[in-house]
Amino acid sequence: MSDDMRGPNFTGDNGLKEVHAGGIVYWDFQASSGAPKATLAFSVNSDDPDNAPEWTVTLYDSVGNEIWENFRSKNEVEVDFPGSTSKQLKLEVICPKGARYDDKVNISVTITSDAGSATDEFSAVARQSIVVLKTQIDQEKVVAQSLMAKASEGEHDIYAVLSPIGLRGYVFVEGMNTDRLHEKTRDIKKARSFIDGESSIEEISHYLVPVSAVVGIEEGDLVELVNGPFKGETARVQKIDQDKEEITVELVDAMVPIPVTVKGDSVRVVEKEK
């Protein structure tokens, strides 16, 4: 990028951006020519031109008029710069829906006028999407297992399926091609539909952290033991060990109150301490 503001020059957004398959990214930047007229020349290259699907690259002016598009235009276009002033431009890149992880496109834009030339570089790389699939209530794990069984069928574009404990009616699916994700769920009876839009790793990160088995249990709570030798018995919580995720309880109906230590996931709270 030239530092001579009197000649051709680019300022503003450039460089590498990530985009989901079928998604769109933009760069807003300014081009100066140092002359009333200039030529914009474009080079669009893929890292794997023989096998990767083609990306769509379009340049717009400040009001949204198309200046250049890689499938409809020649590699060069003449542009007026009235009064030799700079132009506000927007470069749009559409990632093909069939893109694979790490597919990349590199775009070079060169401006040439009587005052000289300057070049700017833009790149986009394909990344996976995280989408939310609605399911029949309490059938989340069934759907997740069915979808993972399909992960290796055809294109291997399902990377992970997450069914968080406590989240009813939804599973998260990570993959590349959202159209193929839709196709692979069509014959899963307990699957419903995908929610519009995409999620992010930041939005679901709290589901990826293991939750302590004693969360929500307090001393004095009335609980039911759900497994072990005292299954079905009612007990009162006496002590909680957060580190070991264990609780000490006393059986309500026992003739002699004897402390019993059990794992936090061995009980179900039936009444909170008032």
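Calculation criteria
Along each chain, numbering runs from 1 in the same order as the chain's sequence is written. This being a predicted model, a pLDDT of at least 70 is required before a residue's local features are given, and a value of 80 or more before pairs of side-chain atoms are given or counted; all residues contribute to the totals for chains, interfaces and linings. Values shown for side chains rest on all heavy atoms present in the structure; no hydrogens or waters enter the calculation. Side-chain rings of Phe, Tyr and Trp, where Trp is taken by its six-membered ring, are said to pair if the distance between their centres is within 6.5 Å; with planes under 30 degrees apart they count as stacked, over 60 as edge-to-face, and otherwise as tilted. For a Lys NZ or an Arg CZ to count as sitting over a ring, it must be within 6 Å of the ring centre and within 35 degrees of the ring normal. The buried label applies to any residue whose accessible area, calculated with a 1.4 Å probe on protein chains only, is under 20% of its type's maximum; exposed applies above 50%, and partly exposed to all values in between. Put simply, DSSP H or I for four residues or longer makes a helix, DSSP E for two residues or longer makes a strand, and each gets a number counted from the N terminus. Any two strands with at least two DSSP bridges between them are considered paired. UniProt positions are given in the numbering used here, feature names are shortened, and annotations may be inferred rather than shown by experiment. A pairing counts as a salt bridge when a side-chain nitrogen of Lys or Arg comes within 4 Å of a carboxyl oxygen of Asp or Glu. Any two residues having at least one pair of non-hydrogen atoms within 4.5 Å are treated as being in contact. The convention used is that axes are lines fitted to C-alpha atoms, helices contributing only their stretch in contact, and that angles between N-to-C directions extend from 0 to 180 degrees.

**Student:** Honestly, the packing of aromatic side chains in this entry has me stumped. Any pointers?
**Tutor:** Any two aromatic rings considered together are summarised by their centre-to-centre distance and by the angle between their planes. In this structure the tally under the stated criterion is five aromatic pairs. Here a set of aromatic residues connected by ring pairs shows up, and it is made of Phe-10, Trp-27, Phe-29 and Phe-122. The aromatic ring of Phe-81 is capped on one face by Lys-87, whose charged end is 5.9 Å from the ring centroid. Positioned above the aromatic ring of Tyr-26 is the side chain of Lys-90, whose terminal nitrogen or guanidinium carbon lies 4.8 Å from the ring centre.

**Student:** Got a minute to help me understand the pairing of strand β18 (residues 259–263) in this structure?
**Tutor:** The side chains of a regular strand alternate, residue by residue, between the two faces of the sheet. Only one face of β18 is covered, namely the one carrying Val-260 and Val-262; the face carrying Pro-259, Thr-261 and Lys-263 has none of its residues buried. Both strand β17 (residues 246–251) and β18 contribute to a ladder of five bridges, which runs antiparallel. Among the inter-strand pairings, Glu-250 is bridged to a residue of β18, identified as Pro-259.

**Student:** Help me out: how do you make sense of the UniProt feature "domain: KOW" (unreviewed entry) in the chain in this one?
**Tutor:** Under the UniProt annotation, the feature "domain: KOW" (unreviewed entry) is placed at residues 216–243. Taken end to end, residues 216–243 is 0% helix and 43% strand, and its two terminal C-alpha atoms sit 15 Å from one another.

**Student:** Explain the pattern of salt bridges to me, please; I cannot follow it from the model alone.
**Tutor:** Charged atoms that come close allow side chains of opposite charge to pair. Under the defined criterion, the tally for this structure stands at 12 salt bridges. Here Glu-18 ties to Arg-127 by a salt bridge, and the two come within 3.5 Å at their closest N and O atoms. In this pair, Glu-18 sits in strand β2 (residues 15–20) while Arg-127 sits in strand β10 (residues 116–127), placing the two residues 109 residues apart along the sequence. Since its relative accessible area comes to 53%, Glu-18 is described here as exposed. Residue classification places Arg-127 among the buried residues on the basis of a relative accessible area of 17%. For Lys-37, the salt bridge is made with Asp-80, and the minimal N-O distance between the two is 2.5 Å. On the criterion of sequence distance, the pair formed by Lys-37 in strand β4 (residues 37–46) and Asp-80 in strand β7 (residues 76–80) is long-range, its members being 43 residues apart. The class for Lys-37 is exposed, based on a relative accessible area of 53%. Each of Glu-18, Asp-102 and Arg-127 takes part in a single network of salt bridges with overlapping partners.

**Student:** Explain the environment of Lys-17 to me, please; I cannot follow it from the model alone.
**Tutor:** Within the secondary structure, Lys-17 sits in strand β2. Assessed through its relative accessible area of 24%, Lys-17 is described here as partly exposed. Considering only alpha carbons, one finds Lys-17 and Val-93, 76 residues apart in sequence, at a separation of 10.0 Å. Beyond its immediate stretch of four places on either side in the chain, Lys-17 contacts Val-25, Tyr-26, Trp-27, Ser-123, Ala-124 and Val-125.

**Student:** Help me out: how do you make sense of the sheet that holds strand β13 (residues 170–175) in this one?
**Tutor:** Read across the open sheet, the four strands follow the order β12-β13-β11-β14; overall the sheet is antiparallel. Two strands lie at the open edges of the sheet, namely β12 (158–162) and β14 (191–194), each paired on one side alone. The average undirected angle you get between the axes of adjacent strands in this sheet is 30°. In the sheet, strand β11 (residues 129–135) pairs with β14 via two bridges, with the strands oriented antiparallel. Among the inter-strand pairings, Thr-135 is bridged to a residue of β14, identified as Ala-191. On the sheet, helix α1 (residues 140–149) packs against β11, β12, β13 and β14 and is oriented at approximately 170° with respect to β12.

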